[in-house]
Amino acid sequence: MSYSGSPMTEAMYYILLALVNPNHGYQLMAAIEEVSNGRIKMGPGTLYGVLTRLQKDNLIEILNDDGRRKTYATTADGRAALEAEYERLKDMIRDGRILEG
Amino acid sequence: MGKVVKRLMLDDIYAIGRNESWFSAMASKGLHLKKFGHLFVSFEKGEPKKTKYRIDYLEKAPSQEQLDVYKDCGWNFIANNGYFYVFSANEKSCATELHTDPIEQGFSLSELNIRLRNNLITLSIAMLLFLGLMISIYCFNDELYLYMIKGQFTQQMLLMIVELHIFYSAIRNYRITRNLKQSLLRGTDINHNEDYRKARLLGGISAGIFLPIALFSIIIPFVGIAKSEDYTLPEGNTYLPIIRLAEIEKSPNLMRETSYHDKKVDWANRVSFDWSLMAPVQYEIDEHGIINGEMWGDKSGVYSPSITTRYYKLTLGSMADNLTLDLINRYVWRDELWKRENRGYYTAAFPKADFLPGRNG
């Protein structure tokens, strides 16, 4: 299912976010845990499922593949999608402020 | 390595939760999954262990790096069947769940769902063509009963039952995958402890019915080929159900005349035996002779009579009358006027039709 600008899943958002700094599968899970302040422990099935999908949709690319490990990075399209999603989330947070009043 | 135990794969491979639950139940009995095929699943005997299994749908074979990451998270690759990869983890280990996002897992099943839908469409078209062919064979056949007693009929019927079953399985698998995808997209996780007993029982019953039918429909033509034989009709006494030429001609000068003759069989004086489920004894017997010194009525040559006998022993006696009409239609030449005048004659003439001598020439 290709990405059409609809709300991202949490997994997709955090993988795109973590791959702003190129990384490989091994460290990606740790990076996601770190970038989400320990809130998200992503399963390896989900991780590779999302990586496959994002690659197909050209939102991430493989920077380097030495046969043993692949280094992934967010593409320009991926970054644009991420920023759009970030704006959407910011709007949502802003709209939700009435709950604090 | 422990003893390998095989079990039939009675459930659908697409029923992910049920199969995971079955593998876990087997592991708790000391049977640990080794191989995962379409027909059989192999287990290795060992100590009973509480094991979690997860079936992951991967369109691309996982890289070593991917398998290493899975392993680091506590998931060992066990076996795969096509795109379905099975991983296991010790129940006590605190392995991170393989899939932590049902919606993403739902996306991963989308392509499978599309493929199964396309398969179903192709299969539906094939089924329609097949059914159309069957209907046209049976509805527009002038000699339906003659066709039915020949070998292909039973095989075609059995094959149709098997094909309808395959078609139903394709519909069921498409529905299983579609429902699973939809429930994942709604955010509901796969139930890894889904009850598998009922589905396996039903699968067992249907395999018990349809595997023998499929096997039987494959064997039938071979039995037919094995039982069929051609040989030269002996000149002396036979115990065959026929009237001999000599009994009709009653001429001491009657001699056998041979014609086309290959290594074994004189085709003018031959016995052909065939077998089918609907008519387990079928003879087609030709005899040809010559009476030197006698001429045909029109003086066209030496009198050389022939006789052909077709004998059928039917499984269902009630088919006899209609078969008789078909045989007349096929082998007895009449002009249209004769047919109109004698309509109904043959049903009265051959009330019991399991013995049918016919005369040519």
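In this text, all values refer to a predicted model and were calculated from it rather than measured experimentally.

Chemist: I'm lost on the overall build of chain A in this one. Help?
Modeler: Per the secondary structure count, chain A includes four helices and three strands. When the elements of chain A are put in sequence order from the N terminus, they spell out α-β-α-α-β-β-α. Counting only C-alpha atoms, chain A reaches 55 × 30 × 20 Å along its principal axes. Across chain A, the fraction of contacts at a sequence separation of at least 24, relative to all contacts at a separation of at least 6, is 54%.

Chemist: Honestly, the interface of chain B and chain A in this entry has me stumped. Any pointers?
Modeler: Interface size is commonly expressed as the accessible surface area that is lost when the partners come together. Listed as interface residues are 23 residues of chain B and, on the opposing side, 22 residues of chain A. Between chain B and chain A the total buried area reaches about 1,800 Å² when both faces are included, carbon and sulfur atoms providing 58% of it. For the pair chain B and chain A, the interface holds three salt bridges. A salt bridge links A:Lys56 to B:Glu111; the shortest N-O distance between them is 2.8 Å. Taken together, chain B and chain A are joined by 10 residue pairs in polar contact (both at pLDDT 80 or more). Elements represented by at least two residues in the side of chain B that touches chain A include exactly helix H2 (64-72), helix H3 (102-108) and helix H4 (110-139) of chain B. Of all the elements, H2(B) adds the most residues to the side of chain B that touches chain A, at six residues. When its residues are assigned to classes, the side of chain B that touches chain A shows eight nonpolar, six polar and nine charged.

Chemist: Any chance you could explain the packing of aromatic side chains here in plain terms?
Modeler: The geometry of two aromatic rings is summed up by the distance between their centres and the angle between their planes. In the structure shown here, the tally under the stated rule is 18 aromatic pairs over all chains. Aromatic pair B:Phe23 and B:Phe43: ring centres 6.4 Å apart, planes at 65°, arrangement edge-to-face. Note that B:Phe23 is positioned in helix H1 (residues 16-27) and B:Phe43 in strand E3 (residues 40-45), a separation of 20 residues in sequence. Since its relative accessible area comes to 0%, B:Phe43 is described here as buried. Ring centres of B:Tyr70 and B:Phe87 lie 4.6 Å apart, and the angle between their planes is 40°; this geometry places the pair in the tilted category. You can see B:Tyr70 sitting in helix H2 and its partner B:Phe87 sitting in strand E6 (residues 84-90), a full 17 residues away along the chain. The class of B:Tyr70 is buried, set by a relative accessible area of 0%. Cluster of aromatic residues (ring-pair linked, three or more members): A:Tyr48, B:Tyr70, B:Phe77, B:Tyr85 and B:Phe87.

Chemist: Whenever I open this one, the environment of B:Thr315 confuses me. Can you help?
Modeler: Residue and element names in this part refer to chain B. Its location among the elements puts Thr315 in the loop between strand E11 (306-313) and helix H9 (320-331). Measuring from C-alpha to C-alpha, the distance between Thr315 and Ser276 comes to 9.4 Å, with 39 residues separating the pair along the chain. In contact with Thr315, not counting residues within four places along its chain, are Leu277, Met278, Ala279 and Pro280. At 2.5 Å, the side chain of Thr315 forms a polar contact with the backbone oxygen of Leu277.

Chemist: Mind showing me how you'd approach helix H7 (residues 197-227) of chain B here?
Modeler: All names here are of chain B. Here H7 spans 44 Å end to end across 31 residues, near enough to the 45 Å set by a 1.5 Å rise per residue. If you look at H7, its biggest bend is around 25°, right at Ile219, and the proline Pro221 turns up within four residues after that. For H7, every residue scored as buried is listed here: Ala199, Arg200, Gly203, Ala207, Phe210, Ile213, Ser217, Ile220 and Gly224. Here the buried face of H7 lies against strand E1 (4-8), H1 and helix H6 (152-185).

Chemist: Which parts of the structure should I look at to understand the confidence of the model for chain B?
Modeler: Predicted coordinates in areas of low pLDDT are best not read in detail. Residue and element names in this part refer to chain B. Averaged over all residues, the pLDDT of chain B equals 88, while 92% of them reach at least 70. Note on residues 346-361: pLDDT is under 50 here. Beyond four places in sequence and across chains, it has 33 contacts. Among the scores for the predicted complex, ipTM is 0.90 and pTM is 0.77.

Chemist: Help me understand the sheet that holds strand E2 (residues 31-36) of chain B, please; the structure alone is not making it clear to me.
Modeler: Hydrogen bonding along the main chain pairs the strands of a sheet, whether they run parallel or antiparallel. Residue and element names in this part refer to chain B. One open sheet accounts for three strands, arranged E1-E3-E2; its pairing is antiparallel. The sheet is open, and its two edges are formed by E1 and E2, each paired on a single side. For this sheet, the mean angle separating the axes of adjacent strands, direction not counted, is 35°. Summarising the sheet, E2 and E3 pair through five bridges and their orientation is antiparallel. Its bridge partner being in E3, Lys35 is matched across the sheet by Ser42.

Thresholds, definitions, all that
Residues numbered from 1 in each chain as written. Chains lettered and ligands numbered in written order. Predicted model: local features only at pLDDT ≥ 70, side-chain atom pairs only at ≥ 80, totals over all residues. Heavy atoms only, no water. Helix = DSSP H or I, 4+ residues; strand = E, 2+ residues; numbered from the N terminus. Contact = heavy atoms within 4.5 Å. Buried area = accessible area lost by both parts, 1.4 Å probe. Salt bridge = Lys/Arg side-chain N within 4 Å of Asp/Glu carboxyl O. Polar contact = N/O pair within 3.5 Å; in protein donor to acceptor, adjacent residues only side chain to side chain. Nonpolar A, V, L, I, M, F, W, Y, C, P; charged D, E, K, R; others polar. Phe/Tyr/Trp six-rings, centres within 6.5 Å; stacked < 30°, edge-to-face > 60°. Buried < 20%, exposed > 50% of the residue type's maximum accessible area, 1.4 Å probe, protein only. Expected span 1.5 Å × (residues − 1). Bend = angle between axes of the 7 residues up to and from the residue. pLDDT = per-residue confidence, 0-100. Pairing = 2+ DSSP bridges. Axes fitted to C-alpha atoms, helices over the stretch in contact; angles between N-to-C directions.

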